[in-house]
Amino acid sequence: MASRHPTPAIGRAPKVSFVSLGCPKALVDSERIVTRLRAEGYELSRSHAGADLAVVNTCGFLDSAQAESLAAIGKALAENGKVVVTGCMGAEPEKITSRYPQVLAVTGPHQYESVLEAVHRVLPPRHDPFLDLLPPEGIKLTPRHYAYLKISEGCNNRCSFCIIPKLRGELRSRPAADVLREAERLVTAGVKEILVISQDTSAYGTDLKYEASAWKGRKVQARFLDLARALGELGAWVRLHYVYPYPHVDELIPLMADGKVLPYLDVPFQHAAPEVLRRMRRPAAQEKTLRRIARWREICPDLSIRSTFIVGFPGESEADFRLLLDWLEEAELDRVGCFRYEAVAGARANELTPAVPEAVKEERWHRLMSCQQTISARRLKRKVGTRQQVIIDEVRSGGRSQPNAGRTIAKGRTRGDAPEIDGVVHVASRRPLRLGEIATVRIERADEYDLHGTVVGF
């Protein structure tokens with residue numbers, strides 16, 4: 001029986017479709033694989049049906065993420081038939097092959113060479129060095145004006161609910177000069193905002209013993225603060241994600257106050273009740289953390305803090321949950337995400353008891369989000385009447401019959417908002433706006449999560 005996708009005809013470049021699931025760190029892995037494929041002459045297809053081969057980069061952190069990954073693999077198989085699987089779920093290949101034994105290959109996270117070898121076996125490259133020219137910054141899957149910059153792989157923490165060290169291994173930091181060279185290429189290519197990511201950003205360089213590397217005639221240590229300072233010299237917005245609240249994070253706040261990096265901290269606090277944090281194997285010093293947050297805001301009044309929390313963790317009592325709500329009221333975090341606890345195969349938390357009933361998890365999730373909605377609305381209301389620098393992510397024009405006829409309508413973000421996960425600014429302008437432009441916007445009103453304003457000046 002003939003293959004549904006025969007070998008490409010002579011003269012036609014082989015086509016690969018690509019699905020990237022999971023977090024920004026997985027997206028960076030996808031960008032690296034896609035860049036290599038394009039460098040070897042492969043074309044990218046927008047659909048599985050139009051491709052000669054499909055690659056699926058999976059997420060395996062939660063059971064729900066694994067279910068989404070398996071569904072994506074099934075869809076690729078149904079629409080194409082030739083599928084290579086990679087990513088975090090690939091660290092446990094039997095979960096994939098038991099369901100889909102017909103997949104061509106399964107590789108683990110950040111195993112770029114293995115993915116390329118699997119593609120080569122099925123679909124040999126046809127590289128033309130005169131036609132297949134790539135931009136020096138590589139292929140990016142984000143809009144042109146912002147990009148993720150991964151500074152390390154893996155994690156040395158042993159949180160009881162997490163299997164990331166099992167999936168991605170121990171912390172492995174990139175030399176500072178390597179990170180800075182990539183960041184410079186991005187800025188040269190027009191990137192206006194660099195989002196620094198890793199599993200544990202503030203642990204950067206500990207595995208290298210902070211070894212220095214040469215960058216533009218000087219040595220830069222592989223140290224969190226030194227790297228942030230050097231990135232801040234490149235002329236782009238620098239946003240820091242996944243910053244564990246180690247003591248040395250305090251040294252970063254003056255850089256934010258001085259405008260060297262964005263006044264934004266993404267800190268995964270996870271909970272506030274000491275007993276729950278102990279079970280999670282997380283630092284349990286919520287009162288000290290509140291004092292640190294207050295001090296950070298004294299040094300940098302414009303600081304925005306985002307965090308994520310887990311409700312319904314095994315053993316979480318009603319008293320524990322109320323303590324968390326009280327802590328949130330006092331901390332007044334700007335942006336909060338919340339997850340209902342899910343058991344993850346292989347996580348130590350699965351051994352903890354008692355389990356919190358699903359109905360209680362759901363009720364607590366709604367209570368926390370309602371609490372945070374009120375806090376968010378209160379904090380955003382303070383921005384009304386101020387002028388904010390806003391990076392433009394989306395632009396459209398008001399129609400003739402619209403109230404905004406003749407005006408440009410856009411969406412953007414303040415320095416305190418990251419793409420995809422935080423709020424937006426709905427912007428009106430009498431002049432055209434460009435994607436990636438940083439405009440000055442007068443904030444006129446606020447709702448629970450978003451701001452509304454008008455561009456001022458030129």
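Residues numbered from 1 in each chain as written. Predicted model: local features only at pLDDT ≥ 70, side-chain atom pairs only at ≥ 80, totals over all residues. Heavy atoms only, no water.

(A) Quick look at the overall build of the protein. When helices and strands are counted, the protein shows twelve helices and 20 strands. On C-alpha atoms alone, the protein measures out to a radius of gyration of 23 Å, which is about the 23 Å that the 2.2 N^0.38 rule sets for 458 residues. For the protein, the spread of C-alpha atoms along the three principal axes comes to 65 × 60 × 55 Å. A total of 458 residues make up the protein; the buried ones form 53% of that total. Summed over its atoms, the accessible surface of the protein is roughly 20,700 Å², and 52% of this surface lies on carbon and sulfur atoms. Positive and negative side-chain charges in the protein, numbering 67 and 57 respectively, have mean positions lying 3 Å apart. (Helix = DSSP H or I, 4+ residues; strand = E, 2+ residues; numbered from the N terminus. Rg over C-alpha atoms; globule rule 2.2 N^0.38 Å. Buried < 20%, exposed > 50% of the residue type's maximum accessible area, 1.4 Å probe, protein only. Areas by Shrake-Rupley, 256 points an atom, 1.4 Å probe, with all protein chains shown as cover. Lys, Arg positive; Asp, Glu negative; His and termini not counted. Charge placed at Lys NZ, Arg CZ, Asp CG, Glu CD.)

(B) How the structure looks around the environment of valine 390. With respect to the helices and strands, valine 390 occurs in strand E16 (residues 387–397). For the pair valine 390 and leucine 186, spaced 204 residues apart in sequence, the C-alpha to C-alpha distance is 20 Å. Each residue touching valine 390, except ones within four places of it in the same chain, is listed here: Trp237, Gly412, Arg413, Thr414, Val425, Val427, Glu437, Ile438, Ala439 and Val441. (Contact = heavy atoms within 4.5 Å.)

(C) Just the pattern of salt bridges, in detail. By the definition in use, this model includes 41 salt bridges. Its salt-bridge partner being lysine 166, residue glutamate 92 comes within 3.5 Å of it at the nearest N-O pair. Of the two residues, glutamate 92 is situated in the loop between strand E4 (83–87) and helix H3 (94–97) and lysine 166 in helix H5 (residues 164–168); the sequence distance between them amounts to 74 residues. Using a relative accessible area of 10% as the deciding quantity, one classes glutamate 92 as buried. Across the pair arginine 158 and glutamate 170 runs a salt bridge whose closest N-O atoms are separated by 2.3 Å. Here the residue arginine 158 occupies a position in the loop between strand E7 (152–153) and H5, and glutamate 170 occupies one in the loop between H5 and strand E8 (172–173), the gap between them amounting to twelve residues. A network of salt bridges, in which partner residues are shared, links Arg297, Glu329, Glu332, Asp334, Arg378, Arg379 and Arg382. (Salt bridge = Lys/Arg side-chain N within 4 Å of Asp/Glu carboxyl O.)

(D) Quick peek at the confidence of the model for the protein. Per-chain confidence: the protein averages 88 in pLDDT, with 92% of residues scoring 70 or above. In this model residues 1–6 is a low-confidence stretch, pLDDT under 50, and it forms 14 contacts with partners more than four residues away in sequence or in other chains. (pLDDT = per-residue confidence, 0-100.)

(E) Highlighting the pairing of strand E10 (residues 212–215). The alternating pattern of E10 places Ser213 and Trp215 on a buried face and Ala212 and Ala214 on a face that is not buried. Pairing analysis gives four bridges linking E10 to strand E11 (residues 218–221), with the strands arranged antiparallel. Residue pairing across strands places alanine 212 opposite glutamine 221, the latter belonging to E11. The turn linking E10 back onto E11 is made up of two residues, and lysine 216 within it adopts a positive phi angle of 50°. (Pairing = 2+ DSSP bridges.)

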